[in-house]
Amino acid sequence: MKFDMHCHTKEGSMDGKVMIEEYIKKLKEKGFGGMLVSDHNSYDGYREWRDSIKGKNYTDFVVLKGVEYDTIDCGHMLVIMPEGVKLKLLELRGLPAQILIMVVHKYGGIVGPAHPYGEKYLSLIKTQARKKFHEERLKSLMEQFDFVEVFNACESEEVNEKARKLARKYHKPGFGGSDAHRLECIGMAYTKLPDNIRCESDLIKYVKSVSYITCGGTRYDKTTKDKLGPFNKLLVESFFVYNKSGERLRRRKRMKELENLH
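Conventions we followed
- Residues numbered from 1 in each chain as written.
- Predicted model: local features only at pLDDT ≥ 70, side-chain atom pairs only at ≥ 80, totals over all residues.
- Heavy atoms only, no water.
- Helix = DSSP H or I, 4+ residues; strand = E, 2+ residues; numbered from the N terminus.
- Buried < 20%, exposed > 50% of the residue type's maximum accessible area, 1.4 Å probe, protein only.
- Arc of directions from axis to C-beta.
- Contact = heavy atoms within 4.5 Å.
- Salt bridge = Lys/Arg side-chain N within 4 Å of Asp/Glu carboxyl O.
- Core = buried A, V, L, I, M, F, W, Y, C linked by side-chain atoms within 4.5 Å.
- Phe/Tyr/Trp six-rings, centres within 6.5 Å; stacked < 30°, edge-to-face > 60°.
- Lys NZ or Arg CZ within 6 Å of the ring centre and 35° of its normal.

Student: Please set out the environment of His-171 residue by residue, giving values where relevant.
Tutor: Among the secondary structure elements, His-171 is positioned in the loop between helix H6 (157-169) and strand S7 (174-177). His-171 sits 24 residues away from Phe-147 along the chain, and the two C-alpha atoms are 8.8 Å apart.

Student: So what's going on with helix H2 (residues 44-53)? Which residues, and what values?
Tutor: Restricting attention to buried positions, one finds in H2 the residues Gly-45, Tyr-46, Trp-49 and Ile-53. With its buried residues spanning 105 degrees around the axis, H2 presents them on a single face. Buried-residue contacts for H2 involve helix H1 (20-29), strand S2 (34-40), strand S3 (62-70) and helix H7 (200-209). Downstream of H2 by one or two residues, Gly-55 has phi in the positive range, about 85 degrees.

Student: Break down the pattern of salt bridges for me, with residues and values.
Tutor: In a structure, side chains of opposite charge can pair up when their charged atoms sit close to one another. Scanning the entire structure with this criterion turns up 11 salt bridges. Between Glu-157 and Arg-164 there is a salt bridge, and its shortest N-O distance comes to 2.2 Å. Judged by its relative accessible area of 22%, Arg-164 falls in the partly exposed class. The shortest N-O distance in the salt bridge between Glu-161 and Arg-168 comes to 3.4 Å.

Student: So, the nonpolar core: which residues are in play, and what are the values?
Tutor: If you look at the biggest cluster of nonpolar residues, it comprises 34 residues, and the most contacted ones within it are Val-79, Leu-100 and Leu-124. Here the element with the most residues in this core is helix H3 (residues 97-106); it accounts for 5 residues. For Val-79, the contacting residues outside a window of four places in its chain are Gly-66, Val-67, Tyr-69, Leu-90, Leu-100, Val-104, Ile-110 and Val-111. Membership of the second largest hydrophobic core comes to 23 residues, among which are Cys-7, Phe-32, Met-35 and Ile-53.

Student: Let's hear about the packing of aromatic side chains: which residues, and what values?
Tutor: If you walk through the whole model with that rule in mind, you get 1 aromatic pair. On the numbers, 4.1 Å between centres and 20 degrees between planes, the contact of Phe-147 with Phe-175 is stacked. With a gap of 28 residues between them, Phe-147 in the loop between helix H5 (135-144) and strand S6 (148-152) and Phe-175 in strand S7 connect regions that are remote in the sequence. Phe-175 matches Phe-147 in its accessibility class, with the two residues each being buried. Against the face of Phe-32 rests Lys-2, its NZ or CZ located 4.6 Å from the ring centre. Residue placement shows Lys-65 over the ring face of Tyr-43; its charged tip is 5.1 Å from the ring centre.

Scope: geometric values only; no functional claims are made or implied.
Written as structure tokens, this is what we have:
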């Protein structure tokens with residue numbers, strides 16, 4: 001069964017353009033059986049599915065709850081928690097990657113880097129390069145991750161190939177996701193999962209049991225960075241300010257939530 005494992009909705013992502021019901025309809029038209037909702041630091045897209053659609057429409061389509069979390073030091077991470085686990089902390093961006101991993105694993109979830117060789121400040125490798133982290137730290141993080149996004153439809157083939165090599169080096173299964181924010185990008189990447197995966201716990205158990213998952217897709221060449229060309233660097237640099245500001249604004253709430261977890 002094909003899943004799109006990186007999906008942004010209008011309800012949950014500030015830059016999302018497609019409502020979740022339309023997203024599902026488009027994926028079904030393309031022969032997909034499921035999706036991972038992975039909005040930026042938010043579960044609002046999934047909440048719309050849960051509260052307004054689930055059990056009424058698209059009962060043969062699997063919608064899994066995830067989040068794309070903005071760490072302060074290692075870019076974007078895809079996180080999947082077991083159903084029933086509710087952590088406000090995962091909607092408060094700015095945790096260091098190591099603490100995020102510890103929290104996710106403590107509560108039975110899985111975590112892995114999205115587009116690890118993508119843009120600076122948004123990706124594991126490029127953000128670490130800026131920080132001049134040692135190779136030992138990268139190795140330590142990779143050994144703790146549960147998977148790697150190895151095909152992202154919004155990234156170049158070169159970037160995706162590097163991600164594939166990273167996953168192979170550390171024997172991690174790979175995800176494929178469209179990273180779609182717009183209608184025309186939906187379903188341009190896929191991950192093949194067993195038909196018996198019906199909930200987050202099923203996915204978590206499966207990912208932990210394998211070292212390889214079939215995935216792939218076609219590159220979407222109409223992203224914002226494609227349109228902006230060299231001016232995209234300004235947008236990337238502005239994200240650093242955005243992420244740093246968000247980290248500071250949410251610091252007190254994050255600390256409170258961390259204290260509540262102990």
